[in-house]
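Remarks on the overall topology
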Amino acid sequence: MECKIQARKLKLFYGDSLALKKISIDIHNNSILALIGPSGCGKSTFLRTLNRMNDLIPNVKIEGEIFLDGVDIYKPDTDVVMLRKRVGMVFQRPNPFPMSIFENVAYGPRVHGISKKAELVEIVEKSLTGAALWDEVKDRINDSALGLSGGQQQRLCIARLLAVEPEVLLMDEPCSALDPISTMKIEELVTEIKSQYTIIMVTHNMQQAARVSDYTGFFLNGELVEYDKTDAMFTRPNDKRTEDYITGRFG
């Protein structure tokens, strides 16, 4: 399977503190990668390197390389706005804009120059359908997005991302604030859409990683301890630290 993203000897420093230790990984196209490990081990920090969100944090220094379709995203001439269009992010807590459901989804396309109403209507319906939300909101598309349930808000944030036609979806614990039914809907959704996207998901839920991901990476103290196909990782881990974490002996 071809690679969408490759990290090579990636190191990240917060000031003098080394947070990521020589991470090298090949992330496959049209697959779901789960990143697991205890809190503070570098999962979310690594996730944010993939669309340069760490650029927004003071005193961050990055060494090594990350390639998206073979092109180093840390080259000085990288268009970071375009990078974040191609590599979008869904955060731990839903963050809908305080505007209508329609305007939430139309926001990105408008920023990127689409202004025709008919075109925006088409994009909004397609994106909400892609996020498995259209049937639930089509009759109240002009209502405030803040009136949606937490699970619906999270799917709206995914629809908002899909509207700008990304290639990679970064998900930072997208279900941690959701109830079990909403979590199940998000899991069903990512499984359905992985044929169109490369999805990288940080999760603390071992069962979720086992259910939805094709590959799993185990982070510990800023190091990528192990990376393998999920079924192999959960049944035949190569590193005792991985086995201890998966079986709940620590973390």
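Residues numbered from 1 in each chain as written. Predicted model: local features only at pLDDT ≥ 70, side-chain atom pairs only at ≥ 80, totals over all residues. Heavy atoms only, no water.

Bringing the sheet that holds strand β1 (residues 3-14) into the picture now. Two pairing modes exist for strands in a sheet, parallel and antiparallel, and in both the strands are linked by backbone hydrogen bonds. Ordered in space as β2-β1-β4-β5, the four strands form an open sheet in which the pairing is antiparallel. The sheet is open, and its two borders are formed by β2 (17-28) and β5 (71-72), each paired with just one other strand. (Pairing = 2+ DSSP bridges. Helix = DSSP H or I, 4+ residues; strand = E, 2+ residues; numbered from the N terminus.)

Tracing the backbone shows D172 in strand β7 (residues 168-172). Salt bridges are absent for the buried D172, whose nearest opposite-charge side chain, R48, sits at 4.6 Å. Separated by 2.8 Å, the side chains of D172 and S44 make a polar contact. Dropping the residues within four chain positions of it, D172 is found in contact with S44, L47, M89, V90, F91, Q92 and V202. (Buried < 20%, exposed > 50% of the residue type's maximum accessible area, 1.4 Å probe, protein only. Lys, Arg positive; Asp, Glu negative; His and termini not counted. Salt bridge = Lys/Arg side-chain N within 4 Å of Asp/Glu carboxyl O. Polar contact = N/O pair within 3.5 Å; in protein donor to acceptor, adjacent residues only side chain to side chain. Contact = heavy atoms within 4.5 Å.)

Attention now moves to the packing of helix α3 (residues 101-111) against helix α6 (residues 150-162). At their nearest, the axes of α3 and α6 sit 7 Å apart, and the two run at 35 degrees to each other. When you trace α3 past α6, the crossing you get is right-handed. Facing α3, whose interface residues are I101, N104 and V105, α6 presents L156, A159 and R160. Split into classes, the residues belonging to the contact of α3 with α6 amount to four nonpolar, one polar and one charged. (Axes fitted to C-alpha atoms, helices over the stretch in contact; angles between N-to-C directions. Left-handed = near helix turned anticlockwise from the far one by under 90°. Nonpolar A, V, L, I, M, F, W, Y, C, P; charged D, E, K, R; others polar.)

A complete count under the given rule lists four aromatic pairs for this structure. Relative to F219, the ring of F46 has its centre 5.6 Å away and its plane inclined at 35 degrees; by these criteria the two rings are tilted. On the criterion of sequence distance, the pair formed by F46 in helix α1 (residues 43-49) and F219 in strand β9 (residues 215-220) is long-range, its members being 173 residues apart. Assigned by exposure class, F46 and F219 land together as buried. (Phe/Tyr/Trp six-rings, centres within 6.5 Å; stacked < 30°, edge-to-face > 60°.)

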